[in-house]
Amino acid sequence: MDAEASPRPSIASHLHRALAAVGGGWMHTARLALDIALPTLCVSCREPVHGEGVCAECWAKLSFIAPPFCPRLGIPFVYDPGPELLSMEAIANPPAYQRARAAVRYDDVARTLVHALKYQDRTDLAPAMGRWMARAGRELLDEADLMVPVPLHWRRGWSRRYNQSGALARSIERQSGVKIGSEVLRRVRPTQQQIGLSRSQRASNVQGAFKVATHRQSEIQGRRVVLIDDVLTSGATVDACARALLRAKAASVDVLVFARVVDTHKAPI
């Protein structure tokens with residue numbers, strides 16, 4: 001999902017990335033000195049924090065998604081309606097993908113994490129976010145043959161320098177052992193940002209935007225694929241990706257994201 005732009009990366013994050021290219025004991029000494037001089041700040045509240053960029057107080061504000069939830073869309077239920085009962089949204093508008101799971105609700109802290117990873121070069125956040133995703137999507141990953149990150153168009157990839165979905169997938173690969181199908185799925189035409197578009201406009205915006213190249217289809221045929229993305233809003237982007245993978249004869253497609261939008265004004269069942 002595309003979101004509005006965020007501030008530029010901090011001086012500390014630039015210096016940490018520069019040190020990552022240096023090896024040996026000197027790097028350890030220099031990193032320690034840098035951490036003392038420029039301590040890592042919580043991406044949400046900007047208080048100094050040790051570790052991966054989220055202080056304990058802001059971590060506690062993250063709304064992790066746990067059962068009961070819709071077995072198809074992963075939308076959390078207010079109460080347990082019983083086994084295998086689908087949400088009204090899943091019944092009224094079933095997606096092309098089989099199941100979707102998310103680690104957290106897309107609230108203020110989750111939004112800050114996503115924007116920092118996507119726009120501020122905070123790739124140091126990907127390991128923690130990926131671990132939470134691997135835990136939330138364990139049932140999907142246990143059955144998967146391949147992970148496929150939602151791709152960026154090459155023009156946007158050039159401006160951002162990396163794909164945040166790919167960074168999350170690499171972290172999940174280390175946790176689960178499920179291999180990544182790099183460059184299997186391509187975004188063959190640029191699309192406008194989805195922010196501000198209606199559900200139908202989002203679907204039209206990404207229609208026909210994704211394709212599996214003919215010479216890569218053998219890597220998809222008969223495989224159980226898990227799509228990886230940062231945020232699920234209407235589901236239009238991952239649905240378009242799933243359709244492209246299914247046209248390439250994937251056995252099934254599931255979706256695993258870091259955060260999903262949950263409309264608290266609508267009853268989940």
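For the structure itself, consult the block above.
Residues numbered from 1 in each chain as written. Predicted model: local features only at pLDDT ≥ 70, side-chain atom pairs only at ≥ 80, totals over all residues. Heavy atoms only, no water.

A. Examining the overall build of the protein more closely. Counting secondary structure elements, the protein contains 11 helices and 6 strands. Split into buried and exposed, the 269 residues of the protein put 49% on the buried side. Considering only contacts within the protein whose residues lie at least 6 apart along the sequence, 73% involve residues at least 24 apart. Carbon and sulfur atoms make up 54% of the accessible area of the protein, which amounts to about 13,700 Å² in all. (Helix = DSSP H or I, 4+ residues; strand = E, 2+ residues; numbered from the N terminus. Buried < 20%, exposed > 50% of the residue type's maximum accessible area, 1.4 Å probe, protein only. Contact = heavy atoms within 4.5 Å. Areas by Shrake-Rupley, 256 points an atom, 1.4 Å probe, with all protein chains shown as cover.)

B. Quick peek at the packing of aromatic side chains. Under the definition given, this model contains 3 aromatic pairs. With 5.6 Å between their ring centres and 50° between their planes, W59 and F64 make a pair best called tilted. Ring geometry for W132 against F258: centres 6.2 Å apart, planes inclined by 25°, an arrangement best described as stacked. Here W132, found in helix α6 (residues 126-136), pairs with F258, found in strand β6 (residues 252-260); they are 126 residues apart in sequence, far enough to count as distant. A relative accessible area of 0% means that F258 is categorised as buried. Grouped by ring-pair contacts, the aromatic residues W59, F64, W132 and F258 constitute a single cluster. When the ring centre of Y106 is taken as origin, the NZ or CZ atom of R111, which lies over that ring, is 5.0 Å away. Positioned above the aromatic ring of F64, the side-chain terminus of R135 is 5.3 Å from the ring centre. (Phe/Tyr/Trp six-rings, centres within 6.5 Å; stacked < 30°, edge-to-face > 60°. Lys NZ or Arg CZ within 6 Å of the ring centre and 35° of its normal.)

C. A look at the pattern of salt bridges. Within the structure shown, the criterion is met by 11 salt bridges. For E183, the salt bridge is made with R186, and the minimal N-O distance between the two is 3.4 Å. Each of R99, R101, E139, E143 and D254 takes part in a single network of salt bridges with overlapping partners. (Salt bridge = Lys/Arg side-chain N within 4 Å of Asp/Glu carboxyl O.)

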